[in-house]
Amino acid sequence: NAGVTQTPKFRILKIGQSMTLQCTQDMNHNYMYWYRQDPGMGLKLIYYSVGAGITDKGEVPNGYNVSRSTTEDFPLRLELAAPSQTSVYFCASSYSPTEASGANVLTFGAGSRLTVL
Amino acid sequence: GESVGLHLPTLSVQEGDNSIINCAYSNSASDYFIWYKQESGKGPQFIIDIRSNMDKRQGQRVTVLLNKTVKHLSLQIAATQPGDSAVYFCAENNQTTDSWGKLQFGAGTQVVVTP
């Protein structure tokens, strides 16, 4: 059981380039999330999705886009990379509130380290 | 906005001793709290959670204490082992609103276990 898989693990981008961070989960979780983690800081929510075809903004959505065409996949798109987007990105998934009986336990991927130069 | 924070950025603990990691929160509407452990190069891993109708919850070698009066959360690790070296995050949200999964994370505490 792989859990949450993110690719790539590392990437260096030039300013203005675009790229997609891939995320897939095999736990049949309806809820999926993208967080970013800056050095010495906690995680901040970028976007989340409560099911296929539904996405919503988190705390820091500017400069990013997401889509959720299937339950398993939740890619994060950076259209015009900026140095401020240098960070470690974590994808996570969880059961819905009803399924989880209130236990808001997220399963995280191993992260994708992105550097924008 | 209101946020979750930690008192100590780094905690050095001798192997075998007990560790106490503290967390202050300011959002009085928060009713659910959770601790994650993040080892170097890995994603955060769930440790233990607690709802606001409880003041203590125990897991395997870990105990979470919640003091709503002073808005304080702590994680106690018994008999700390080298494998406990990691960054520990507390997080919170309000489960009565639509914030499921939209956890507010603190900055983290680095725990270093020394032999």
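Read on for a plain summary of the structure.

Observations regarding the packing of aromatic side chains
All names here are of chain B.
Here is step 1 of the chain: Throughout the structure, instances matching the rule amount to 11 aromatic pairs over all chains.
Here is step 2 of the chain: Their ring planes at 50 degrees and their centres at 4.6 Å tell us that Tyr 25 and Phe 33 sit as a pair that is tilted. The same class applies to Tyr 25 and to Phe 33, which are both buried.
Here is step 3 of the chain: For the ring pair Tyr 36 and Phe 46, a centre distance of 6.5 Å and an interplane angle of 80 degrees mean the geometry is edge-to-face.

Structural notes on the pairing of strand E8 (residues 72-77) of chain B
Residues and elements named next belong to chain B.
Here is step 1 of the chain: Bridge count between strand E3 (residues 19-25) and E8: six bridges; the pairing is antiparallel. For Ile 20, the partnering residue across the bridge sits in E8 and is Gln 76.
Here is step 2 of the chain: Connecting the antiparallel pair strand E7 (residues 62-67) and E8 is a turn made up of four residues, with Lys 71 showing a positive phi of about 55 degrees.

Focus: the layout of surface pockets
Here is step 1 of the chain: Within this model, the largest pocket holds a volume of roughly 610 Å³.
Here is step 2 of the chain: Forming the boundary of the largest pocket are 31 residues, of which Gln 37, Val 88 and Arg 113 of chain A together with Gln 38 and Gly 41 of chain B lie nearest the centre.
Here is step 3 of the chain: When residues of the lining of the largest pocket are traced back to their parent elements, those giving at least two are strand E9 (87-94) and strand E11 (112-116) of chain A together with strand E9 (86-93) and strand E11 (109-114) of chain B.
Here is step 4 of the chain: Looking at which element gives the most residues to the lining of the largest pocket, the answer is E11 of chain A, with four residues.
Here is step 5 of the chain: In terms of residue class, the lining of the largest pocket is made up of 12 nonpolar, 14 polar and five charged.

Notes on the interface of chain A and chain B
Here is step 1 of the chain: The interface is formed by 27 residues belonging to chain A together with 23 residues belonging to chain B.
Here is step 2 of the chain: Contact between chain A and chain B buries roughly 1,800 Å² in total, counting both sides, with carbon and sulfur atoms accounting for 57%.
Here is step 3 of the chain: By the criterion of area lost to chain B, the three top residues of chain A are Leu 43, Asn 104 and Phe 108 of chain A, representing 30% of everything that side buries.
Here is step 4 of the chain: No other element matches strand E4 (residues 31-37) of chain A, which puts four residues into the side of chain A that touches chain B.
Here is step 5 of the chain: For the side of chain A that touches chain B, the class distribution of residues is 16 nonpolar, nine polar and two charged.

Considerations on the sheet that holds strand E7 (residues 64-66) of chain A
All names here are of chain A.
Here is step 1 of the chain: The strand order E1-E3-E8-E7 describes an open sheet built from four strands, whose pairing is antiparallel. Each having just a single partner strand, strand E1 (4-7) and E7 make up the two edges of the open sheet. Looking at each pair of strands side by side, their axes are set apart by 20 degrees on average, direction ignored.
Here is step 2 of the chain: Inspection of the sheet shows E1 paired to strand E3 (residues 19-25) by four bridges, in the antiparallel sense. The residue of E3 that forms the bridge with Thr 5 is Thr 24.

The rules behind each value
Residues numbered from 1 in each chain as written. Chains lettered and ligands numbered in written order. Predicted model: local features only at pLDDT ≥ 70, side-chain atom pairs only at ≥ 80, totals over all residues. Heavy atoms only, no water. Phe/Tyr/Trp six-rings, centres within 6.5 Å; stacked < 30°, edge-to-face > 60°. Buried < 20%, exposed > 50% of the residue type's maximum accessible area, 1.4 Å probe, protein only. Pairing = 2+ DSSP bridges. Helix = DSSP H or I, 4+ residues; strand = E, 2+ residues; numbered from the N terminus. 1 Å grid on protein atoms, 1.4 Å probe; cavity = no way out; pocket = protein on both sides within 12 Å on 5 of 7 lines; lining within 4 Å. Points joined across faces, edges and corners; volume = space filled by probe spheres on them. Nonpolar A, V, L, I, M, F, W, Y, C, P; charged D, E, K, R; others polar. Contact = heavy atoms within 4.5 Å. Buried area = accessible area lost by both parts, 1.4 Å probe. Axes fitted to C-alpha atoms, helices over the stretch in contact; angles between N-to-C directions.

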